[in-house]
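Spelled out from the first residue to the last, the chains are:
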Amino acid sequence: MERATHLFLLGADYHLGDLLWLTAVLAEYRRQVRPARLAVGCPDRPIGRILEHNPLLDDLRYGDPGRLRAAARARGEVVRDLRPLPLARAMLRDWRHHWPWVYYRDLWFLPRGQWLATFLHLGRLSSYRPVLGLCDADRATAATLPIPYVVLAPHIGRYRLPLAGRAWRRVKGWDEGNWVRLASLLRTAGYEPVTAAAADQAPIPGTRPLLGLPIRQVAGVIEGAAALVGGESGLWFIAAACATPFAIVPWWLPRGVDWAAPMGVPHRLIRRRDATVETVFASCRELVAHDRH
């Protein structure tokens, strides 16, 4: 069975950060289980393109997860269904290995991806850093930017319910005026500040706007940046994969939680009470200086 093709099946609930921390688990799975081929199946969404050209994957399949699962099983492939309901059922069946409700604790308080490694009987991951494969075409936008530049990513995820969206912005957002002042300080210090955002999101005034880029172009820009400064979103996982120093402002999780530390990339988690513009700017300069050494 180990030498068959193994398909990891994902649902639409996997966001950008999930797709990236998953790659560290796939690297360990490939090393230990040694499947003949390793594939990922997921809905056809723009963020799914971040997995293209990944050196860990032999195949990336887009489409309806149910149909992908049926086709894989008809070919005799091993299917690891990571959609919520199939995954929950599998956890219940395997309760002697790990109590199902403990996975939720592990999700928040252990390094990203460790809960899945435990579920797959892999033990502790040997590396938590995401794996990302970029090609020259992905770096086309980055090649047009003046060096050095710093990527600013002020926007966070959205909720359909207005009340939930306002609450989330209070937890994870940083005032626009702070971003404007940070951009001004960066420009004075000799860095070109650029805003990475969706097509319908506003850039930070005084920055070079990069709006609506395909996700792989965004990754190429982050790869070439002196640093990334952003809210807690999937973009910092790209920075970790590219070994680009990054700062997350504000960091909103308990003090003992540092998902980035096990990835081994210079970073700062700046809590709201410490998140003055001057502190964030100083942290950014420290990160750039650390990376140069």
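The structure presented is a predicted model; accordingly, all values stated were derived computationally and were not measured.

A. Molecular detail of the overall build of the chain. Of regular secondary structure, the chain possesses 10 helices and 10 strands. By the compact-globule yardstick of 19 Å for 293 residues, the chain fits well, its C-alpha radius of gyration being 20 Å. Counting only C-alpha atoms and orienting by the principal axes, one finds that the chain spans roughly 60 × 40 × 40 Å. Of all 293 residues assigned to the chain, the portion counted as buried reaches 52%. Partitioning the intrachain contacts of the chain with sequence separation of at least 6 by distance along the chain shows that 62% fall at a separation of at least 24. Within the structure as shown, the chain displays about 14,200 Å² of accessible surface, and the carbon and sulfur contribution to it stands at 56%. Where the 39 positive side-chain charges of the chain centre and where its 26 negative ones centre are 4 Å apart.

B. Summary view of helix α1 (residues 16-33). If you check α1, its first and last C-alpha atoms are 25 Å apart, about what 18 residues at 1.5 Å a residue would give, namely 26 Å. Where burial is concerned, most of α1 is hidden: 14 out of the 18 residues are buried. Directly after α1, the chain includes arginine 34, whose backbone phi takes a positive value near 60°.

C. Representation of the sheet that holds strand β5 (residues 149-153). As summarised here, the arrangement of the six strands in space is β7-β6-β5-β8-β9-β10, forming an open sheet in which the pairing is parallel. Either end of the sheet is taken by a strand with one partner, and the two such strands are β7 (208-211) and β10 (267-271). Averaged over all pairs of adjacent strands, the angle between strand axes in this sheet comes to 20°, irrespective of strand direction. Seen against the sheet, helix α7 (residues 176-188) touches β5, β6 (192-197), β8 (227-230) and β9 (246-251) and runs at an angle of roughly 175° to β5. Against the sheet, helix α9 (residues 235-242) engages β5, β8 and β9, with an angle of about 155° to β9.

D. Layout of empty space enclosed by the protein. Across all of its chains, the model carries one cavity of 30 Å³ or more by this definition. Lining the largest cavity are Ala196, Leu210, Leu213, Val218 and Val221. Its residues placed into classes, the lining of the largest cavity shows five nonpolar, no polar and no charged.

E. View of the packing of aromatic side chains. Counted by the stated rule, this structure contains 12 aromatic pairs. Taken together, Tyr104, Trp108, Trp251, Trp252 and Trp259 form an aromatic cluster joined through their ring pairs. One Lys or Arg, arginine 49, reaches over the ring of tyrosine 62 and ends 4.4 Å from the middle of that ring. The cationic tip of arginine 112 hangs over the ring face of tryptophan 259; the distance from NZ or CZ to the ring centre is 3.9 Å.

F. Spotlight on the pairing of β6. Within β6, six of the six residues are buried, which leaves the element mostly enclosed by the surrounding structure. A two-sided burial pattern is seen for β6, the buried positions comprising Glu192, Val194 and Ala196 on one face and Pro193, Thr195 and Ala197 on the other. Judged from the four bridges that link them, β6 and β7 form a sheet pairing that is parallel. For alanine 196, the partnering residue across the bridge sits in β7 and is leucine 210.

G. Structural view of the packing of α1 against α9. The interhelical angle for the contact between α1 and α9, taken along N-to-C directions, is 30°, at an axis separation of 8 Å. What the angle tells us is that α1 and α9 run roughly parallel. Here Leu16, Gly17, Leu20 and Trp21 of α1 lie close against α9, whose contacting residues are Leu235, Phe237 and Ile238. In terms of residue class, the contact of α1 with α9 is made up of six nonpolar, one polar and no charged.

H. A look at the environment of lysine 172. Mapping lysine 172 onto the fold places it in helix α6 (residues 162-172). Residues lysine 172 and arginine 187 lie 15 residues apart in sequence; the distance between their C-alpha atoms is 25 Å. Once you skip the residues sitting within four places of it in the chain, lysine 172 turns out to touch Ile156, Glu232, Val249, Pro250, Trp252 and Arg272.

I. Expanded view of the pattern of salt bridges. This model, assessed by the stated rule, comprises 17 salt bridges. Between arginine 30 and aspartate 58 there is a salt bridge; the shortest N-O distance is 2.8 Å. With arginine 30 in helix α1 and aspartate 58 in the loop between β2 (37-42) and β3 (59-62), this pair connects stretches of sequence that are 28 residues apart. With a relative accessible area of 24%, arginine 30 lands in the partly exposed category. You can call aspartate 58 partly exposed: its relative accessible area is 32%. Here aspartate 106 ties to arginine 105 by a salt bridge, and the two come within 2.8 Å at their closest N and O atoms. For aspartate 106, a relative accessible area of 2% gives the class buried.

About the thresholds
- Residues numbered from 1 in each chain as written.
- Predicted model: local features only at pLDDT ≥ 70, side-chain atom pairs only at ≥ 80, totals over all residues.
- Heavy atoms only, no water.
- Helix = DSSP H or I, 4+ residues; strand = E, 2+ residues; numbered from the N terminus.
- Rg over C-alpha atoms; globule rule 2.2 N^0.38 Å.
- Buried < 20%, exposed > 50% of the residue type's maximum accessible area, 1.4 Å probe, protein only.
- Contact = heavy atoms within 4.5 Å.
- Areas by Shrake-Rupley, 256 points an atom, 1.4 Å probe, with all protein chains shown as cover.
- Lys, Arg positive; Asp, Glu negative; His and termini not counted.
- Charge placed at Lys NZ, Arg CZ, Asp CG, Glu CD.
- Expected span 1.5 Å × (residues − 1).
- Pairing = 2+ DSSP bridges.
- Axes fitted to C-alpha atoms, helices over the stretch in contact; angles between N-to-C directions.
- 1 Å grid on protein atoms, 1.4 Å probe; cavity = no way out; pocket = protein on both sides within 12 Å on 5 of 7 lines; lining within 4 Å.
- Points joined across faces, edges and corners; volume = space filled by probe spheres on them.
- Nonpolar A, V, L, I, M, F, W, Y, C, P; charged D, E, K, R; others polar.
- Phe/Tyr/Trp six-rings, centres within 6.5 Å; stacked < 30°, edge-to-face > 60°.
- Lys NZ or Arg CZ within 6 Å of the ring centre and 35° of its normal.
- Parallel < 35°, antiparallel > 145°, perpendicular 65-115°, else oblique.
- Salt bridge = Lys/Arg side-chain N within 4 Å of Asp/Glu carboxyl O.

Geometric descriptors of this kind do not, in isolation, establish any biological role.
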